[in-house]
Every structure is written in structure tokens, then in C-alpha cells.
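Descriptive analysis of the structure
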Amino acid sequence: MTALVLPADAHRCQYRVLYGDTDSGGVVYYANYLRFFERGRTEFMRDRLVAYRLLENEGMILPVVESWCRYKAPARYDDLLLLETAMVEAREVSCRFHYRVSRAGDPRQLAMGYTVHAVVDRQGKLSRFPAELLARLKGLVTPV
């Protein structure tokens, strides 16, 4: 996979790179991009549907079961990043998000990726989204 498409109405939020996000070379450590994806996804859900905590209160946990990231250019300490997130799929037992990371005000991509999440209960058993929630999630899906 070489490119991911995000819709024009992708959710956007910003994140300032902390010194602790970087490695000894002064660039963002590669695994931290998954944390950036998480921040984008969390804010997407909070702004467009419901805070994750409320889903957890209902007994649903959405662990990452698959992830992919393509690194294009380094982010550095104190960069202001633009995190773009879109839900591109919602199924009975899973959902998928696409992400793009760039510097705020600069359209060049630093990284892109996706995560897939299963729905599990508190015991870790595969579960399903409740029908009403699934309908609301499907309303957030932007086909790519």
C-alpha cells in the first residue's frame, strides 16, 4: 500500500511535538505516530459522536487489531502537527480509520496510516456494536 485517501471533510486537530516524543536524533520516534493516530481518533470520536469513555461505560472496548503507517518525512521537536482522521468503514464487529499527519500550514505529508478496531466486551470477547450505535457510526463513514 503506497497511499491512503482522506476525504476533504476529514476531522482535524493539532498537536505540538514534545521533547519526549523525539529520539536522540531530534526527530519524532516512529512509534509515536501511532499515539498521534490515537489522539486524532479520540478527538474525531469526541467531536463527531461520543467520547470513548462513554463507550467503555457501556461495556465496549475498541482495541487496535491492525495498524499500518508510511513515513514520508520527519517531524521534529516543537513542530505543530495537523492530525487528520476519517472513519472509512463501520461494520458490526469492527471499524477502520485513516490518518494523515503534516505540519500545520504545510500540505506535505509527514506520515499516513490506518488502524482497524474490533469491538470486544470487558472480558475480551468479540462483540458487536449495538444497532443504534452502528447506524450512527455508518453515518460518520466517508467512503474513499
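Scroll up to find the structure this text is about.
Cut-off values and rules
- Numbering of residues starts from 1 in every chain and runs along the sequence as written.
- The predicted nature of this model means local features are confined to residues of pLDDT at least 70 and side-chain atom pairs, given and counted, to a pLDDT of 80 or more, with totals for whole chains, interfaces and linings taken over all residues.
- Only hydrogens and water are removed before side-chain values are computed, so all heavy atoms of the structure are retained for them.
- Put simply, a disulfide is two cysteine sulfurs that come within 2.5 Å.
- We count a stretch as a helix when DSSP gives it H or I for four or more residues in a row; a strand needs E for two or more, and each element gets its number in order from the N terminus.
- Two strands pair if DSSP finds at least two bridges between them.
- In this description, a line fitted to the C-alpha atoms serves as the axis of each element, helices being fitted only across the stretch in contact, and the angle between N-to-C directions of two axes falls anywhere from 0 to 180 degrees.
- By convention, a stacked pair of Phe, Tyr or Trp rings (six-membered ring in the case of Trp) has centres within 6.5 Å and planes under 30 degrees apart, an edge-to-face pair has planes over 60 apart, and any other such pair is tilted.
- Buried residues are those whose accessible area, probed at 1.4 Å on protein chains only, stays under 20% of the maximum for their type, while exposed residues exceed 50% and partly exposed ones sit between those limits.

This model, assessed by the stated rule, comprises zero disulfides. Cysteine 69 forms no disulfide, and the closest cysteine sulfur to it belongs to cysteine 13, at a distance of 15 Å.

Looking now at unusual backbone geometry. At aspartate 78, a position not held by glycine, the phi torsion is positive, near 75°. Summarising the element assignment, aspartate 78 is placed in the loop between β2 (64-71) and β3 (80-90).

For the rest of this paragraph, the subject is the sheet that holds strand β5 (residues 109-118). Note on sheets: strands pair through backbone hydrogen bonds, and any given pair is parallel or antiparallel. If you walk across this open sheet you meet the five strands as β1-β3-β4-β5-β2, and the pairing is antiparallel. The open sheet terminates on both sides in strands that have one partner only, identified here as β1 (11-16) and β2. For this sheet the average axis-to-axis angle between neighbouring strands, irrespective of direction, equals 20°. Pairing of β3 with strand β4 (residues 94-103), which is carried by nine bridges, proceeds in the antiparallel orientation. If you follow glutamate 84 over to β4, its bridge partner there is arginine 100.

Okay, the packing of aromatic side chains next. Ring pairs (aromatic) are described by centroid distance and by the angle formed between their planes. Applying the stated criterion across every chain yields a total of nine aromatic pairs. Centroid distance tryptophan 68 to tyrosine 114: 6.0 Å. Interplanar angle 20°. Geometry classified as stacked. Taken together, the residues tryptophan 68 in strand β2 and tyrosine 114 in strand β5 connect sequence positions 46 residues apart. Judged by relative accessible area, tyrosine 114 falls into the buried class, the value being 8%. Ring centres 6.4 Å apart and planes at 25° place the aromatic pair phenylalanine 97 and tyrosine 99 in the stacked group. Grouped by ring-pair contacts, the aromatic residues Tyr15, Tyr33, Phe36 and Tyr71 constitute a single cluster.

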